[in-house]
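Now for the letters of each chain:
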Amino acid sequence: MKVSFGEKLNRQDSSGKHKFLHRLSKEFKEQGIDVVDKQADVFLHIGRNLDQRKGAKRSVMRVDGLILNSDMPYRKMNKKMLRGIGESDGVIYQSQFCKKAHEKFLGVKKKNAVIFNGADPKEFSPRNPQNFFLAVAKWRPHKRLKNICDAFLHARNLGLDADLVIVGEHGKRIKEKHVNDLGELNNKQLQRYLSEAIAMIHISWL
């Protein structure tokens, strides 16, 4: 079988979606599946560059979660995503929650599979836990950084003896005792913090 992608796979550092595609293409090759530029049996995309699917027998869309930010044109953006899903033969979801949300709120009914984003555990080895929690994201309103900080500081007031490390740009730096706001880090720097953190903190919108 031959698979083509609607994205440049060397963009794995730019977003979660591209990291996913890069890892999936690597796994395909290890499974003996050919990754090609055109004339594929299956065209795998993220809702754009659909003009590149010429000749493919099937197309599959990998979707992110629902777009929920109240300060974004989320209805329009979800409609665009639905168009991409409608023009595809199947869907790849990143979690069971993502699948249920699309089926319940957007009424999506397509052949589907759940493939977790995944990562190579070697990227976070050897584990050497230090006394801090980690919050890392491409920060946008629904990632709720302020709520994470408020909850962490409340836990500190209740007796938690640990620090919070924040990675990723979000505007004005947070200046609080026991909060270390580092801004953007490269992959190598981030791997160190991932190997040393007690755990990661992430609060979803819902």
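Residues numbered from 1 in each chain as written. Predicted model: local features only at pLDDT ≥ 70, side-chain atom pairs only at ≥ 80, totals over all residues. Heavy atoms only, no water.

### Details of helix α1 (residues 16-30)
Then, number 1: Along its 15 residues, α1 runs 21 Å from first to last C-alpha, staying within 8% of the 21 Å computed at 1.5 Å per residue.
Then, number 2: Looking at α1, one finds that the buried residues are His18, Phe20, Leu21, Leu24, Ser25 and Phe28. Here the buried residues of α1 occupy an arc of 150° about the axis, which is enough to place them on one side. Pointing more than 90 degrees away from the buried face of α1 are the exposed residues Lys26 and Glu30.
Then, number 3: Those residues of α1 that are buried lie in contact with β1 (2-5), β2 (34-36), β3 (42-45), β4 (58-62) and β5 (90-93). (Helix = DSSP H or I, 4+ residues; strand = E, 2+ residues; numbered from the N terminus. Expected span 1.5 Å × (residues − 1). Buried < 20%, exposed > 50% of the residue type's maximum accessible area, 1.4 Å probe, protein only. Arc of directions from axis to C-beta. Contact = heavy atoms within 4.5 Å.)

### As for the sheet that holds strand β8 (residues 163-167)
Then, number 1: Pairing in this open sheet of 3 strands is parallel, and the strands run β7-β8-β9 from one edge to the other. A single partner strand is all that each edge strand has here, and the edge strands are β7 (132-136) and β9 (179-183). Taking the axes of each pair of neighbouring strands and ignoring which way they run, one obtains an average angle of 20° across the sheet.
Then, number 2: Looking at chain direction, β7 and β8 are connected through 5 bridges and run parallel. (Pairing = 2+ DSSP bridges. Axes fitted to C-alpha atoms, helices over the stretch in contact; angles between N-to-C directions.)

### Side note on the pairing of β7
Then, number 1: Within β7, 4 of the 5 residues are buried, which leaves it mostly tucked inside the rest of the structure.
Then, number 2: The handedness of the β7 to β8 crossover, carried by helix α4 (residues 145-157), is right-handed. (Right-handed = clockwise from strand over helix to strand, strands pointing away.)

### Some words on the side chain of His102
Then, number 1: Its place among the elements puts His102 in helix α3 (residues 96-105).
Then, number 2: Assessed through its relative accessible area of 0%, His102 is described here as buried.

### Points about the confidence of the model for the protein chain
Then, number 1: When the pLDDT values of the protein chain are averaged, the result is 89; 96% of them are 70 or greater.
Then, number 2: Mean pLDDT across the elements of the protein chain ranges from a minimum in α1, with 88, to a maximum in β8, with 98. (pLDDT = per-residue confidence, 0-100.)

### Some remarks on a positive patch on the surface
Then, number 1: On the surface, Arg75, Lys76, Lys79, Lys80 and Arg83 cluster together into a patch of positive charge.
Then, number 2: Following the sequence through the fold, Arg75 ends up in helix α2 (residues 74-86). (Patch = residues over 30% accessible without salt bridge, like charges linked within 9 Å, V, L, I, M, F, W, Y side chains within 5 Å. Areas by Shrake-Rupley, 256 points an atom, 1.4 Å probe, with all protein chains shown as cover. Salt bridge = Lys/Arg side-chain N within 4 Å of Asp/Glu carboxyl O. Lys, Arg positive; Asp, Glu negative; His and termini not counted. Charge placed at Lys NZ, Arg CZ, Asp CG, Glu CD.)

### Notes on the pattern of salt bridges
Then, number 1: Under the definition given, this model contains 10 salt bridges.
Then, number 2: The residue Glu87 makes a salt bridge to Arg53 at a minimum N-O spacing of 3.2 Å. In this pair, Glu87 is assigned in the loop between α2 and β5 and Arg53 in the loop between β3 and β4, connecting sequence segments 34 residues apart.
Then, number 3: A salt bridge links Arg156 to Asp161; the nearest nitrogen and oxygen atoms lie 4.0 Å apart.
Then, number 4: Ionic contacts of the salt-bridge type, sharing partners, join the residues Lys17, Arg62 and Asp64 into one network.

### Describing unusual backbone geometry
Trans peptide bonds make up the majority, and among non-glycine residues the majority have a negative phi.
Then, number 1: Following Ser125, the chain continues into Pro126 via a peptide bond in cis, with omega recorded as -5°.
Then, number 2: Positive phi values are uncommon outside glycine, yet Arg144 reaches one of about 60°.
Then, number 3: Note on placement: Arg144 falls in the loop between β7 and α4.
Then, number 4: At His178, a residue that is not glycine, the phi angle is positive and equals roughly 75°.
Then, number 5: Relative to the elements of secondary structure, His178 occurs in the loop between β8 and β9.

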